[in-house]
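Observations on the three-dimensional arrangement
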Amino acid sequence: MSKLRLATVWLDGCSGCHMSFLDLDERLLAVAEKADLVYSPLVDIKEFPPDVDVTLVEGAVSSEEDLHKIQMIRQRTKILVSLGDCAVTANVPSMRNMFPLKAVYDRAYQENVTRDPGTPTKVVPPLLEKVRPVHEVVPVDVFIPGCPPSADTIFYAVSELLAGRSPELSAKTRFGA
Ligand code: SF4
């Protein structure tokens, strides 16, 4: 039987959810027996490929780049998974939502800068007015709360999905640590 195609994506998050994924340790080998990792910040593949079976998304949607990326990924993925509180609720990145966007830029690039203050117009992707959880911009199939979700929870969820089942996560997850 051919392997399924698994991807992981890092939007606006701290990478803690990917660290928890890496905490699968030797269980990564069990995942690798069932799926090829076809895109991830953990591997050197530049383009998100077509026909991905399962994509785990860490982080909220904060920038225009995040928005375009998750829309493209949704089109190319059968099962899209919000991994962690930032993807599920927008969590920490959404703390800026209580301020106007200009105030956010000014705080980061003017008020706290001692050398050459100025809002960047290149390299840094333009921010969206508000940070959004993933399901507010594209349909999401599975939610795994936690900050981060434990390796045990991620392994259970991924194993179930790769086996063609829907993981029952309500008793295994909670928001926050
Ligand atoms: S959910 Fe927590 S661990 Fe995951 S990216 Fe957000 S802040 Fe980091």
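Scroll up to find the structure.
Attention here is on the structure that accompanies the text. (Residues numbered from 1 in each chain as written. Predicted model: local features only at pLDDT ≥ 70, side-chain atom pairs only at ≥ 80, totals over all residues. Heavy atoms only, no water.)

Attention now goes to the overall build of the chain. Helix and strand counts for the chain stand at six helices and seven strands. Taken from N to C terminus, the helices and strands of the chain fall in the order β-α-α-β-β-β-α-β-α-α-β-β-α. Radius of gyration (C-alpha) of the chain: 17 Å, near the 16 Å computed for a compact globule of 177 residues. In terms of overall dimensions, the chain has a C-alpha envelope of 55 × 35 × 30 Å along the principal axes. Scored against the burial criterion, the 177 residues of the chain give a buried share of 44%. (Helix = DSSP H or I, 4+ residues; strand = E, 2+ residues; numbered from the N terminus. Rg over C-alpha atoms; globule rule 2.2 N^0.38 Å. Buried < 20%, exposed > 50% of the residue type's maximum accessible area, 1.4 Å probe, protein only.)

This next bit is on the sheet that holds strand E2 (residues 35-39). Taking strand neighbours across the sheet as the criterion, the five strands line up as E2-E1-E3-E5-E7 in an open arrangement whose pairing is parallel. Two strands bound the open sheet, and with one partner strand each, they are E2 and strand E7 (142-144). In this sheet, neighbouring strand axes are inclined to one another by 25° on average, regardless of whether the strands run parallel or antiparallel. The strands that helix H2 (residues 27-34) touches are strand E1 (4-10) and E2; relative to E2, the one it contacts most, it runs at about 90°. Of the strands in this sheet, E1, E2, strand E3 (52-58) and strand E5 (77-83) are in contact with helix H3 (residues 64-75), which crosses E5 at around 135°. (Pairing = 2+ DSSP bridges. Axes fitted to C-alpha atoms, helices over the stretch in contact; angles between N-to-C directions. Contact = heavy atoms within 4.5 Å.)

To continue, consider the packing of H2 against helix H6 (residues 151-162). H6 packs onto H2 with a crossing angle of 15° between their chain directions and a minimal axis gap of 11 Å. In terms of axis orientation, H2 runs roughly parallel to H6. Every pair of crossing elements has a handedness; the one defined by H2 and H6 is left-handed. Contacts from Arg27, Ala30, Val31 and Lys34 in H2 reach Ala151, Asp152, Phe155, Val158 and Leu162 in H6. Split into classes, the residues belonging to the contact of H2 with H6 amount to six nonpolar, no polar and three charged. (Parallel < 35°, antiparallel > 145°, perpendicular 65-115°, else oblique. Left-handed = near helix turned anticlockwise from the far one by under 90°. Nonpolar A, V, L, I, M, F, W, Y, C, P; charged D, E, K, R; others polar.)

Once that is clear, we can look at the site of the ligand. Taken together, Gly13, Cys14, Gly16, Cys17, Glu58, Gly84, Asp85, Cys86, Asn91, Gly146, Cys147 and Pro148 form the complete shell of residues around the ligand. Looking at the shell around the ligand, the elements that each hand over two or more residues are helix H1 (16-22) and helix H4 (85-89). Taken together, the residues of the shell around the ligand break down into five nonpolar, five polar and two charged. (Near = heavy atom within 4 Å.)

For the rest of this paragraph, the subject is the environment of proline 125. Residue position: proline 125 is located in the loop between helix H5 (101-111) and strand E6 (127-132). By relative accessible area, proline 125 is classed as partly exposed at 26%. Once the C-alpha coordinates of proline 125 and threonine 55 are considered, the two residues, 70 residues apart in sequence, prove to be 23 Å apart.

Okay, H5 next. Turn by turn, an α-helix covers 3.6 residues, leaving residues three or four places apart pointing in a common direction. All buried positions along H5 are accounted for by Leu101, Val104, Tyr105 and Asp106. Those residues of H5 hidden inside the fold are in contact with E6.

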